[in-house]
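Breakdown of the fold
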Amino acid sequence: MRFRSGIEGGRGASAWIGGLTAKALGGETLTWYTPRDNTPFAALNDDPPMFSVGVGVPKAQGAHQHGTNVQMHVWDRGSYRDVVLWAHHSLAGGMHASKLLAAAEAAVRA
């Protein structure tokens, strides 16, 4: 829930406009999904995360094609948890991704 609230609260004006555009085109303002490792190398991963969640955050320009995907992967280590945040963005989406990662990190740390 903290990851979700961080992403929802961390969106800037472009992401809000992109979300409205995506919704008008029949999509969602945020597209939540479960990341899967379907590569041929997945069998080599001897420590897969216990929980993973991803979200597609659209931007105003090209709502469905040019947004940022942010993922959170969690490993429960007993007395502590390892959490990895990861973002994939378009060529011009670095600032958008950094803002979303910072907001998600702040929410998860809270």
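Up top you'll find the structure we're talking about.
We now turn to the structure provided with this report. Quick caveat, the model's predicted, so the values are computed rather than measured.

Turning next to the nonpolar core. Among the nonpolar cores identified, the biggest contains 11 residues, and these are Phe3, Ile7, Leu30, Val53, Val55, Val57, Val70, Met72, Val74, Leu100 and Ala104. Residue assignment for this core shows that the elements contributing at least two residues are helix H1 (2–10), strand S2 (51–57), strand S3 (68–76) and helix H3 (94–109). Beyond its immediate stretch of four places on either side in the chain, Val74 contacts Pro49, Met50, Phe51, Arg81, Asp82 and Val83.

Our focus in this paragraph is the side chain of His73. Checked against the element boundaries, His73 lands in strand S3. For His73, a relative accessible area of 15% gives the class buried. Here Gln71 takes part through its side chain, which lies 2.9 Å from a polar atom of the side chain of His73. Contacts of His73, omitting those with residues within four sequence positions, involve Pro35, Pro49, Phe51, Ser52, Asp82, Val83 and Val84.

Attention shifts here to H1. Listed as buried for H1 are Phe3, Gly6, Ile7 and Gly10. Angularly, the buried residues of H1 cover 95° about the axis, an arc narrow enough to put them on a single face. Tucked inside the fold, the buried residues of H1 contact strand S1 (31–33), S2, S3, strand S4 (81–88) and H3.

About the criteria used
- Residue numbers here run from 1 along each chain, matching the order of that chain's written sequence.
- Given that this is a predicted model, residues contribute local features only at a pLDDT of at least 70 and side-chain atom pairs are listed and counted only at 80 or more, while totals for whole chains, interfaces and linings are drawn from all residues.
- In computing side-chain values, all of the structure's heavy atoms are included and hydrogens and water are not.
- Among the buried residues, those of types Ala, Val, Leu, Ile, Met, Phe, Trp, Tyr and Cys that are joined through side-chain atoms within 4.5 Å form a nonpolar core.
- Exposed residues in this analysis have more than 50% of their type's maximum accessible area, buried residues have under 20%, and partly exposed residues fall in between, with area computed by a 1.4 Å probe over protein chains only.
- Counting from the N terminus, the helices are the DSSP runs of H or I reaching at least four residues and the strands are the DSSP runs of E reaching at least two.
- Contacts are assigned to residue pairs that have any heavy atoms within 4.5 Å of one another.
- We define a polar contact as two N or O atoms separated by no more than 3.5 Å, with the added condition that, inside protein, one atom must be a possible hydrogen donor and the other a possible acceptor, whereas residues neighbouring each other in sequence contribute only through side-chain atom pairs.
- This arc corresponds to the set of directions leading from the helix axis out to the C-beta atoms.

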